[in-house]
Amino acid sequence: MPTADLRVRLQPRSRRTEVVGERAGAVVIRVTAPPVDGKANAALCELVARAAGVAPSAVRVLRGAGARDKVLRVEGVAEADLRRALGV
């Protein structure tokens, strides 16, 4: 089963939930959820799972759960396919 690790820069409390682009090797993603009680991380994982076409349980935060810079692990999709699905 393919696995992809994705560097992400998360911007919580945004107006829209969207993939902005890529900056310094990390995919910039905005979510409307606040960074409280893991809500922003959950919204991030849900967005990435929906874009990649995998179950939300296949996406998890490997590093940076309490920081804006994160590394996500997405199971069931190759990195090139994941980046294409996110539009970066």
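In what follows, the structure referred to is the one given above.
The structure reproduced in this document is the subject of the present report. (Residues numbered from 1 in each chain as written. Predicted model: local features only at pLDDT ≥ 70, side-chain atom pairs only at ≥ 80, totals over all residues. Heavy atoms only, no water.)

### Remarks on the side chain of N41
Turning to step 1, where the next piece is worked out: Relative to the helices and strands, N41 resides in helix α1 (residues 39-52).
Turning to step 2, where the next piece is worked out: Of note is the side chain of N41, whose polar atom sits 2.8 Å from the backbone oxygen of A65. (Helix = DSSP H or I, 4+ residues; strand = E, 2+ residues; numbered from the N terminus. Polar contact = N/O pair within 3.5 Å; in protein donor to acceptor, adjacent residues only side chain to side chain.)

### Topic: the nonpolar core
Turning to step 1, where the next piece is worked out: If you look at the biggest cluster of nonpolar residues, it comprises 22 residues, and the most contacted ones within it are I29, L44, V48, V54, V59, V74 and L82.
Turning to step 2, where the next piece is worked out: Counting only elements with at least two residues in this core, the list comes to β1 (3-11), β3 (26-30), α1, β5 (69-75) and α2 (79-86).
Turning to step 3, where the next piece is worked out: It is α1 that provides the largest number of residues to this core, a total of 7 residues.
Turning to step 4, where the next piece is worked out: In this structure, L44 is in contact with V8, L10, I29, V31, K70 and L72, ignoring residues within four places of it in sequence. (Core = buried A, V, L, I, M, F, W, Y, C linked by side-chain atoms within 4.5 Å. Buried < 20%, exposed > 50% of the residue type's maximum accessible area, 1.4 Å probe, protein only. Contact = heavy atoms within 4.5 Å.)

### Focus: the sheet that holds strand β2 (residues 18-23)
Turning to step 1, where the next piece is worked out: The strand order across the open sheet formed by 5 strands is β2-β3-β1-β5-β4, and the pairing between neighbours is mixed. Looking at which strands have only one partner, the edges of the open sheet turn out to be β2 and β4 (59-63). The sheet shows a mean angle of 40° between the axes of neighbouring strands, taken without regard to direction.
Turning to step 2, where the next piece is worked out: One ladder, built from 7 bridges, connects β1 with β5; its direction is antiparallel. Across the sheet, the residue bridging to R7 is V71, located in β5.
Turning to step 3, where the next piece is worked out: Seen against the sheet, α1 touches β1, β2, β3, β4 and β5 and runs at an angle of roughly 125° to β4.
Turning to step 4, where the next piece is worked out: In the packing of α2 onto the sheet, the strands contacted are β1, β2, β3 and β5, and the crossing angle to β1 comes to about 35°. (Pairing = 2+ DSSP bridges. Axes fitted to C-alpha atoms, helices over the stretch in contact; angles between N-to-C directions.)

### A closer look at the pairing of β1
Turning to step 1, where the next piece is worked out: Pairing geometry for β1 and β3, over 4 bridges, is parallel. Within the sheet, the bridge partner assigned to L10 lies in β3 and is I29.

### Notes on unusual backbone geometry
Turning to step 1, where the next piece is worked out: Positive phi is not limited to glycine here, since R13 has a value of about 55°.
Turning to step 2, where the next piece is worked out: When you line up the elements, R13 lands in the loop between β1 and β2.
Turning to step 3, where the next piece is worked out: For R13, a relative accessible area of 58% puts it in the exposed group.
Turning to step 4, where the next piece is worked out: Positive phi, close to 55°, is recorded for A24, a residue that is not glycine.
Turning to step 5, where the next piece is worked out: Mapped onto the fold, A24 is located in the loop between β2 and β3.
Turning to step 6, where the next piece is worked out: Note on A24: relative accessible area 70%, which makes it exposed.

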